[in-house]
Each structure stands twice: as C-alpha cells, then as structure tokens.
Amino acid sequence: MTLKKIGATLAATALALSLTACGGGSTTDLSNLKIGIKFDQPGLGLKTGETYSGFDVDVATYIAGKLGTTPDKIQWTQAPSAQRETLIESGQVDLVVATYSINDQRKEKVSFAGPYLVAGQDLLIRANDTSITGVDSLKGKKLCSVTGSTSAQQVEQKVPGVNLQNFSGYSDCVAALAAGTVDALTTDDTILAGYAAQPEYKGTLKVVGRPFTVENYGVGLKKGNTELCNKVTDAIKSMLADGSWQKFLDKNLGPAGYKPGEGNPPTPAACS
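In this text, all values refer to a predicted model and were calculated from it rather than measured experimentally. (Residues numbered from 1 in each chain as written. Predicted model: local features only at pLDDT ≥ 70, side-chain atom pairs only at ≥ 80, totals over all residues. Heavy atoms only, no water.)

Caption draft 1: View of the nonpolar core. Counting residues in each nonpolar core, the largest one holds 54 residues, and the members touching the most others are Ile35, Leu95 and Tyr116. Those residues in contact with Leu95 that lie beyond four places of it in its chain are Leu33, Lys34, Ile35, Gly36, Ile63, Leu67, Val219, Gly220, Leu221, Leu228 and Val232. Counting residues in each nonpolar core, the second largest holds 13 residues, with Leu138, Val155, Val159 and Val162 among its members. (Core = buried A, V, L, I, M, F, W, Y, C linked by side-chain atoms within 4.5 Å. Buried < 20%, exposed > 50% of the residue type's maximum accessible area, 1.4 Å probe, protein only. Contact = heavy atoms within 4.5 Å.)

Printed below as a string of structure tokens:
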C-alpha cells in the first residue's frame, strides 16, 4: 500500500471515529432504556428500597413497553428538577418522566412528547392554618419550593413579598412544613396530594385546593430526536385510549382524593 493510500485510509478511519464520538448516525437502543424519574414524590415517583412506584413510574413503564423495553431492562435514574435538562443533554437518560412541565424555556434545550397529564400549581399547608387561603395570602409568609422548578418562579412573579425558601427536594419541604419551619409548600397539586395522603402527614397537612397555573406534564427527550418523540407520542395516545391512563391515575392518586382538573384526559401535541 502506498503512503498516499495509507494516509487516505487513516483519514477515513479518523472521520468515522469522530462521527461515532459525536453521535453521528447513532440511534437510541429501545431494548434498554434509561429513564429519569423522581425518587421522592409519593404517588408519582417514589423509590423504596429497590422498588419504584407512582403514576409517572407506571406511565414510563407503559411507554417503555410500547417501545420494546421490558420492565427488567429499564434503568431508573433519579432526576431532580434542576438536573433534568442536563441528564437529557448529556445522554445520561433517554427519557425523563418526572412531573416535567412543558414550557418554551425548556423546549430550547430538550424536546417533549405529550402532555400526558394536565396539573395545576397549588399550596400545601398545615391543617390548622386558617391564614393561608390561596396564593394571594402568601405575602410575608415563608414559602418552600424546590430549586429548578417552575413553581418557585411562578410564585415570585405573583407574590413579590413572599419569603421564598428553595430546598433540594419536596420531601425536605414537607418535613419543614410539618415542623413549622416554613408556612407553606408550593408545587403541582398532584405532588401535594401524594404527600398529604402519606400516613405520617394524614390529618396534619392539607391542600388548599385553589390551583393558579396550568402545568402540562410531558416526557422529555434529546432535542431534535423526532423519531423517538413520535414513538413516545403514539405510546401516550395508546395509554389514553385503552384505559391504562385512568387505571394508573386511580391506583396512585385516587387514595389522596385527587381529581384531575380541566384539560384531562389531555390531547398530546405534535412533535417538533
């Protein structure tokens, strides 16, 4: 082989390796999926030992099944609110199903399939507290939310005088609320209902019941992966049509008395 041919061969090999490293031509292996969920949200995404439970877990398992992944081939990964985009962009997860509200800011970084549920932001307070009746009575109160969530941003805009306390997880906020360290917790009504129904908080905490936002939960995935997005959208449509969506909702949030509000069951949007 001449030096010229050797040089051409090496160049071609280098180019191929470069494309592989950059992900060129690669596709998601749908027989093994890495899925990001919450680990600390009762009724939605909860890790207990090596067991995972909740509405989002059931939704994710259903979608994975439609994509060809059996439950034993799913790799569950914790997806804190502030890390969801990073997990997707870095390839640490293929999908995020973690009370992930679709909004324009997030769509600049990731793609969404869905929505698969329409929730609303509300308040969780101590059952004996009569001073907080809604978002308009939060001025001067210590309000807990989670770093990276849309909930904190929404309340700061609506109540400039609120004393916002950002914690790393909702379970920390609930513990602080029960202990009297903060006056209220704000996030989606689905999440709040799950906590209020827990045995250790039943009767001591309550959801105010005056939602003030609309939160469209979507499945997050790598931006621009339209092929995978379309497959996930089809899976969501099947789940809504065959009764599985209602079954998952009744099983996981029914015990908390949660009733899905306006916009449910949702109609998934087209992938872009």
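Caption draft 2: Examining the sheet that holds strand S9 (residues 142-146) more closely. Taken together, the five strands give an open sheet; going across it, the order is S10-S9-S11-S8-S12, and neighbouring strands pair in mixed fashion. Either end of the sheet is taken by a strand with one partner, and the two such strands are strand S10 (163-167) and strand S12 (205-207). When strand polarity is set aside, the average angle formed by the axes of neighbouring strands in this sheet is 30°. Relative to strand S11 (residues 184-188), strand S8 (residues 121-126) runs antiparallel, the two sharing four bridges. The partner of Asp122 across the bridge, within S11, is Thr187. Together, S8, S9, S10 and S11 form the strand contacts of helix H5 (residues 150-158), whose direction differs from that of S11 by roughly 115°. Running over the sheet, helix H7 (residues 189-196) touches S8, S11 and S12 and is turned about 125° from S11. (Pairing = 2+ DSSP bridges. Helix = DSSP H or I, 4+ residues; strand = E, 2+ residues; numbered from the N terminus. Axes fitted to C-alpha atoms, helices over the stretch in contact; angles between N-to-C directions.)

Caption draft 3: Representation of the sheet that holds strand S3 (residues 45-48). Read from one edge of the open sheet, three strands run S2-S3-S4, paired in antiparallel fashion. Because the sheet does not close on itself, it has two edges, and the strands there are strand S2 (40-41) and strand S4 (51-53). Relative to S3, S2 runs antiparallel, the two being bridged by two bridges. Bridging across to S3, Asp40 finds its partner in Leu46.

Caption draft 4: Just the state of the cysteines, in detail. All told, the structure shown has two disulfides when counted by the stated rule. A disulfide bridge connects Cys144 with Cys173, and the sulfur atoms are separated by 2.0 Å. What sets the handedness of the Cys144 and Cys173 disulfide is the S-S torsion sign, and at about -75° it is left-handed. Remark: Cys173 occurs in helix H6 (residues 170-179) and Cys144 occurs in strand S9; sequence separation between them is 29 residues. Assessed through its relative accessible area of 0%, Cys144 is described here as buried. (Disulfide = S-S within 2.5 Å.)

Caption draft 5: Looking closely at the environment of Tyr170. Within the element layout of this structure, Tyr170 appears in helix H6. The class of Tyr170 is buried, set by a relative accessible area of 4%. Between the alpha carbons of Tyr170 and Thr186 there is a distance of 9.3 Å; along the sequence they are 16 residues apart. The contacts of Tyr170, once residues within four sequence positions are left out, are Lys38, Asp40, Gln41, Ser81, Val146, Ser149, Ser151, Leu185, Thr186, Thr187, Ile191 and Tyr195.

Caption draft 6: Inspection of the packing of helix H2 (residues 55-67) against helix H9 (residues 244-253) at higher detail. Viewed as axis vectors pointing N to C, H2 and H9 meet at an angle of 155°, and their least axial separation amounts to 9 Å. Relative to H9, H2 is oriented roughly antiparallel. For the pair H2 and H9, the sense of crossing is right-handed. Across from Phe55, Asp58, Val59 and Tyr62 in H2, the residues of H9 making contact are Ser244, Trp245, Phe248, Leu249, Lys251 and Asn252. When its residues are assigned to classes, the contact of H2 with H9 shows six nonpolar, two polar and two charged. (Parallel < 35°, antiparallel > 145°, perpendicular 65-115°, else oblique. Left-handed = near helix turned anticlockwise from the far one by under 90°. Nonpolar A, V, L, I, M, F, W, Y, C, P; charged D, E, K, R; others polar.)

Caption draft 7: Representation of the packing of aromatic side chains in the model. The tally for this structure, following the rule as stated, stands at six aromatic pairs. Where Phe55 meets Tyr116, the ring centres are 6.2 Å apart and the plane angle is 35°; that geometry is what we call tilted. Here Phe55, found in helix H2, pairs with Tyr116, found in strand S7 (residues 110-119); they are 61 residues apart in sequence, far enough to count as distant. What makes Phe55 buried here is its relative accessible area of 0%. Geometrically, the ring pair formed by Tyr100 and Phe112 is edge-to-face, given 4.9 Å between the ring centres and 65° between the ring planes. Linking Tyr100 in the loop between strand S6 (95-96) and helix H4 (104-107) with Phe112 in strand S7, this pair joins segments that are 12 residues apart in sequence. Taking the relative accessible area as the measure of exposure, Phe112 reaches 11% and is therefore buried. In textbook terms, an aromatic cluster arises when at least three aromatic residues are bridged by ring pairs, as seen for Phe39, Tyr52 and Trp76. (Phe/Tyr/Trp six-rings, centres within 6.5 Å; stacked < 30°, edge-to-face > 60°.)

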